[in-house]
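Overview (structure and organization)
Residues per chain, in single letters:
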Amino acid sequence: MPSETAHDRRGLLRLMLKMPALRGTLQILSATNSDLLGLCGAYEDASTALERLRKERGNANRAAIAEYEELCTDLETDIIRMCQ
């Protein structure tokens, strides 16, 4: 059984809110799949950074925002694939 950290758990919860149709599957897989938990942690990092960048004033962060949006989308896609 993988070791779930609070960081990974926050990412898992964030994903469960974003993808309600996959909540049950995410809960089940996260209990046994360390790769999924790692992606949850990565998603937590990326989505937190994206939120922080969006809150900053000015247009200097447009490139970084686009990059983090793409990263979050890629992580979401990978997680969806793991749930299928």
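Read on for an overview of the structure. Every value quoted in this text rests on a predicted model; they were computed, and no experiment measured them. (Residues numbered from 1 in each chain as written. Predicted model: local features only at pLDDT ≥ 70, side-chain atom pairs only at ≥ 80, totals over all residues. Heavy atoms only, no water.)

1. Here's the deal with the pattern of salt bridges
- Counted by the stated rule, this structure contains seven salt bridges.
- Close ionic contact of D78 with R81 constitutes a salt bridge, the shortest N to O distance being 3.7 Å. You can see D78 and its partner R81 sitting in helix α4 (residues 62-83), three residues apart, about one turn around the helix.
- Salt bridges linked by common partners bring R10, R14, E44 and E51 together as one network. (Salt bridge = Lys/Arg side-chain N within 4 Å of Asp/Glu carboxyl O. Helix = DSSP H or I, 4+ residues; strand = E, 2+ residues; numbered from the N terminus.)

2. Let's talk about the nonpolar core
- Ranked by size, the top nonpolar core spans 18 residues in total, and within it L15, L26 and I79 carry the most contacts.
- Elements that contribute at least two residues to this core include exactly α1 (6-18), α3 (34-55) and α4.
- Per-element tally for this core: the top contributor is α3, with seven residues.
- L15 has contacts with L26, C40, Y43, E76 and I79, leaving out every residue within four places of it along the chain. (Core = buried A, V, L, I, M, F, W, Y, C linked by side-chain atoms within 4.5 Å. Buried < 20%, exposed > 50% of the residue type's maximum accessible area, 1.4 Å probe, protein only. Contact = heavy atoms within 4.5 Å.)

3. Focus on the environment of I28
- Considering the arrangement of structural elements, one finds I28 in helix α2 (residues 23-30).
- Of the residues examined, I28 reaches a relative accessible area of 61% and is grouped as exposed.
- With 55 residues separating them in the primary sequence, I28 and C83 have C-alpha atoms 9.6 Å apart.

4. What to know about the packing of α1 against α2
- Where α1 meets α2, the axes come as close as 9 Å, and the angle between the chain directions of the two elements is 160 degrees. On the basis of their axis angle, the class for α1 and α2 is roughly antiparallel. Read as a crossing pair, α1 and α2 show a hand that is right-handed. Of the residues in α2, those in contact with L12, L15, M16 and L17 of α1 are R23, L26, Q27 and S30.
- Split into classes, the residues belonging to the contact of α1 with α2 amount to five nonpolar, two polar and one charged. (Axes fitted to C-alpha atoms, helices over the stretch in contact; angles between N-to-C directions. Parallel < 35°, antiparallel > 145°, perpendicular 65-115°, else oblique. Left-handed = near helix turned anticlockwise from the far one by under 90°. Nonpolar A, V, L, I, M, F, W, Y, C, P; charged D, E, K, R; others polar.)

5. Considering the packing of α2 against α4
- Contact geometry for α2 and α4: axes closest at 10 Å, N-to-C directions at 80 degrees. Between α2 and α4, the interaxial angle falls into the category roughly perpendicular. Contacts between α2 and α4 involve T25, L26 and L29 on the former and, on the latter, I79, M82 and C83.
- Taken together, the residues of the contact of α2 with α4 sort by class into five nonpolar, one polar and no charged.

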